[in-house]
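What follows is the residue order along each chain.
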Amino acid sequence: MDLSHPLFALDPYATDVHAEAERLRAAGPVVPVDVVGVAAWAVSHHAVAQQILEDSRFLTNSRNWGALQRGEVPEGWPLMKIIMGQNMGTADGAEHRRLRGLVSRAFTPRRVEALRPRIQQIVDDLLDGIAATPAGGVADLKAGFAVPLPMGVICELFGVPAEQHAPLHALCNAAFDTTSRPEEVAATEKGLYRLMAELAESKIAEPGDDLTSMLLEHRTEGTITFDELVDTLILVLAAGHQTTINFFTNALLALITHPDQLELVRAGAISWETVTESALAWDSPVSQSPFRYPAQDIEIGGTVIRRGEPVMMSYAALGRDPAHFGPLAASFDAGRDARHLSFGHGPHFCVGAPLARLEAHIALPAFFARFDAELAVPAQEVEPFPSLALNGIRALPAVIRPRTAAAAV
Ligand code: HEM
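The rules we used
- Residues numbered from 1 in each chain as written.
- Predicted model: local features only at pLDDT ≥ 70, side-chain atom pairs only at ≥ 80, totals over all residues.
- Near = placed C-beta within 6 Å.
- Helix = DSSP H or I, 4+ residues; strand = E, 2+ residues; numbered from the N terminus.
- Nonpolar A, V, L, I, M, F, W, Y, C, P; charged D, E, K, R; others polar.
- Pairing = 2+ DSSP bridges.
- Axes fitted to C-alpha atoms, helices over the stretch in contact; angles between N-to-C directions.
- Buried ≥ 20, exposed ≤ 12 C-beta atoms within 10 Å, placed from the backbone.
- Parallel < 35°, antiparallel > 145°, perpendicular 65-115°, else oblique.
- Left-handed = near helix turned anticlockwise from the far one by under 90°.
- Contact = placed C-beta atoms within 7 Å.

S.K.: So what about the site of the ligand? Which residues, and what values?
M.R.: Looking at the ligand, there are 24 residues lining it, with Gly 240, Thr 243, Gly 344, Cys 350 and Gly 352 nearest. Counting only elements with at least two residues in the shell around the ligand, the list comes to helix H13 (226–256) and helix H18 (353–370). Looking at which element gives the most residues to the shell around the ligand, the answer is H13, with seven residues. Among the residues making up the shell around the ligand, the classes are represented as 14 nonpolar, nine polar and one charged.

Here it is in structure tokens:
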């Protein structure tokens, strides 16, 4: 196999993420695919992905992408913004440690735990909103719960004013949409930069008790430039809500369509912490993450990847790899307690994992203590979000019934 002969093209509409993931796994641990007109290696076996993510010869900065440097990547390629930012996600070595260090101190488990009362408040308010649905009525659990919860938390942390939440969410949706046209890609890139630069400038004029103002102090000390700061805001605000939205839609969907599993959790046989991990693995919120570039030719999983060829982790495939999760990996088991890679691995392991986990541990039990829910449409009519990076859905329409006080205990 070599990169000039992709086995097939990944579907930018994400029509059936898990069927595609199975096809990848069956083709081998590392296979050449077409990613909206760009050739890349897709890694779909857990053990090989772990090996690559631990190997410092695989770099993240696009300076190391041969085809990009040769001018072969089409203008307006939809995932360009994700690979081009000047932030920790696209930095290696000392540069990565500098940019990550400025942000990661705000997301230690202790600091995150201090957010518990505020997250609980946001969750309770949103559940009160859902409770206004007439018994047996339909609520969209994405628009009414999965979006505003992580959005509310991350925007509050970074001091994003309420009127910017909707434009920020719309721009981030566009940034991950792999069906966008080149002119839309350029407009999204400009719009995100403008919105985050305005946020930074407003905090320069009037600093607040928020993480944007904290990052600006580092700019004054010379440890981060203005452009790096803006790109860091884009990364953390986008990663901090888009991923977690998909976690909630996917976990809610898994539980409401597997009532036997939900009953085990409600009965206390499986903890909410375990459900969180099993849902993260089984329906990974990130389907694929671009890119790693080897600094030299490297043989891995029986395939030689040439220096500068792009490699993507297919997290949706990794989370159901039977070689790691066992022969029943494809069926949802709320109690499956195995280590997964859905938060990444190695130096770029997700900075926000403690925050996402805390949101999950508060919000999932709170939702299922108050409501019974079932899907309001046939499962095949749940519409996927068109992205090769995010594994999500456009809406989660559910029939809602409040639980009686006795049942909720
Ligand atoms: C369930 C929710 C989440 C999932 C599934 C998730 C997934 C991931 C994955 C797979 C990576 C590694 C990417 C790579 O190696 O190329 C990553 C990195 C990252 N995540 Fe998350 N994430 C989640 C929530 C969050 C939250 C809430 C934040 C906000 C603070 C966040 C911020 C980041 C950042 C800044 C990175 C880059 C780290 C680095 O490059 O050193 N994520 N995430």
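S.K.: Residue-level account of the sheet that holds strand S11 (residues 397–402), with values.
M.R.: Here we have three strands laid out as an open sheet, ordered S5-S11-S10, and antiparallel in their pairing. Edge positions in the sheet fall to strand S5 (138–140) and strand S10 (371–375), since each has one partner strand and no second. Looking at each pair of strands side by side, their axes are set apart by 40 degrees on average, direction ignored. With three bridges joining them, S5 and S11 adopt antiparallel strand pairing. Residue pairing for S11: Ala 139 is matched across the bridge by Ala 398.

S.K.: Could you give an account of the pairing of strand S6 (residues 289–294), with specific residues and numbers?
M.R.: For S6, a buried count of six out of six residues is recorded, marking the element as mostly surrounded by other parts of the structure. Sheet analysis places S6 next to strand S9 (residues 311–313), joined by two bridges and oriented antiparallel. Its bridge partner being in S9, Ser 289 is matched across the sheet by Met 313.

S.K.: Break down the packing of helix H11 (residues 182–205) against H13 for me, with residues and values.
M.R.: H13 packs onto H11 with a crossing angle of 110 degrees between their chain directions and a minimal axis gap of 9 Å. As far as their axial angle goes, H13 and H11 are roughly perpendicular. Of the two possible hands of crossing, H11 and H13 adopt the one that is right-handed. Contact residues: H11 offers Leu 192, Tyr 193, Met 196, Ala 197, Leu 199 and Ala 200, while H13 offers Phe 226, Leu 229, Val 230, Leu 233 and Ile 234.

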